[in-house]
Amino acid sequence: MNEADRLAELFMRFPGIGPKQAKRFVYFLLRENSHYKDQLIKSLEELKHTGKQCTRCFRFYGDKYNTSNLLCDICSSSSRDKSLLMIVEKDIDIDAIEKTNSYNGLYCILGGLVPPLSDKPTDLIRIRELTALIHTSLTENTLQEIIFALPVTDYGDNTQEYIQKTIRQIVGIDKVKLSHLARGLSSGLEIEYVDKDTFKSALERRN
């Protein structure tokens, strides 16, 4: 296997990237000048050394100063509303929601979804981490509402149902409101593609 094929295999590990698109990436890099390639290599090196995962919401973030802080800028901010916890599927969903400037609470990233009829949902999402986070928030007496912001799909609905069933067993959860974004969101919509006005409307009309 030559270096071009090896690089194509690495690109194929990216979400949604097949063999043909991976090859296009390789040929694009072969055509680019050395300065561009050096910049790409430098950025990857910096990402390797400064990329961290928040121990609270599990969001990946860059820490260019390489501090000892274990929380991302959202979780460590004193201006965020700690009474609200929004559950999302992936990191990019947070990026999309933050761009709307419509939500000021905290998050928890599940890292996946639970398909219908799944026999091992605990292997697919961070349910243990989520329940631990809820336990801590209840102990601190800060949590008032959990908002589900999951894809409007069978997988998203099944995941929400599974989580609700699981967390209802937590002592004190009856004091916390469980809500989800209003169904103004189109069926099949991924949160990462939602526009500002649609998300704001869905958040305001959550139930």
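The structure reproduced in this document is the subject of the present report. Computed from a prediction, not measured in an experiment: that's the story for all the values here.

**Re the overall build of the protein**
Link 1 in the chain: In terms of regular secondary structure, the protein is built from seven helices and six strands.
Link 2 in the chain: Listing the helices and strands of the protein from first to last along the sequence gives α-α-α-β-β-β-α-β-α-β-α-β-α.
Link 3 in the chain: Considered along the principal axes of its C-alpha atoms, the protein spans approximately 60 × 40 × 35 Å.
Link 4 in the chain: Looking at the protein residue by residue over its 207 residues, the buried ones come to 39%.
Link 5 in the chain: Considering only contacts in the protein between residues 6 or more positions apart, those separated by 24 or more positions represent 54%.
Link 6 in the chain: Entry remark: accessible area of the protein is about 12,700 Å², with carbon and sulfur atoms responsible for 51%.
Link 7 in the chain: Separation of charge centres in the protein, based on 29 positive and 29 negative side chains, amounts to 1 Å.

**A closer look at the sheet that holds strand E5 (residues 145-148)**
Link 1 in the chain: Strand order in this open sheet of four strands is E4-E3-E5-E6, and the pairing throughout is parallel. With one partner strand each, in any of the chains shown, strand E4 (105-109) and strand E6 (177-180) form the two edges of the open sheet. The mean angle between the axes of side-by-side strands here comes to 25 degrees, regardless of whether they run parallel or antiparallel.
Link 2 in the chain: Here E5 runs beside E6; their pairing, made up of four bridges, is parallel.

**Observations regarding the pairing of strand E3 (residues 81-88)**
Link 1 in the chain: Within E3, six of the eight residues are buried, which leaves it mostly tucked inside the rest of the structure.
Link 2 in the chain: Here five bridges tie E3 to E4, and the two strands are oriented parallel to one another. Residue pairing for E4: aspartate 81 is matched across the bridge by glycine 105.
Link 3 in the chain: In this view, the connection linking E3 to its parallel neighbour E4 by way of helix H4 (residues 91-100) has right-handed handedness.
Link 4 in the chain: For E3 and E5, the ladder comprises four bridges, and the chain directions are parallel. For leucine 84, the partnering residue across the bridge sits in E5 and is glutamate 145.

Quick notes on the rules
Residues numbered from 1 in each chain as written. Predicted model: local features only at pLDDT ≥ 70, side-chain atom pairs only at ≥ 80, totals over all residues. Heavy atoms only, no water. Helix = DSSP H or I, 4+ residues; strand = E, 2+ residues; numbered from the N terminus. Buried < 20%, exposed > 50% of the residue type's maximum accessible area, 1.4 Å probe, protein only. Contact = heavy atoms within 4.5 Å. Areas by Shrake-Rupley, 256 points an atom, 1.4 Å probe, with all protein chains shown as cover. Lys, Arg positive; Asp, Glu negative; His and termini not counted. Charge placed at Lys NZ, Arg CZ, Asp CG, Glu CD. Pairing = 2+ DSSP bridges. Axes fitted to C-alpha atoms, helices over the stretch in contact; angles between N-to-C directions. Right-handed = clockwise from strand over helix to strand, strands pointing away.

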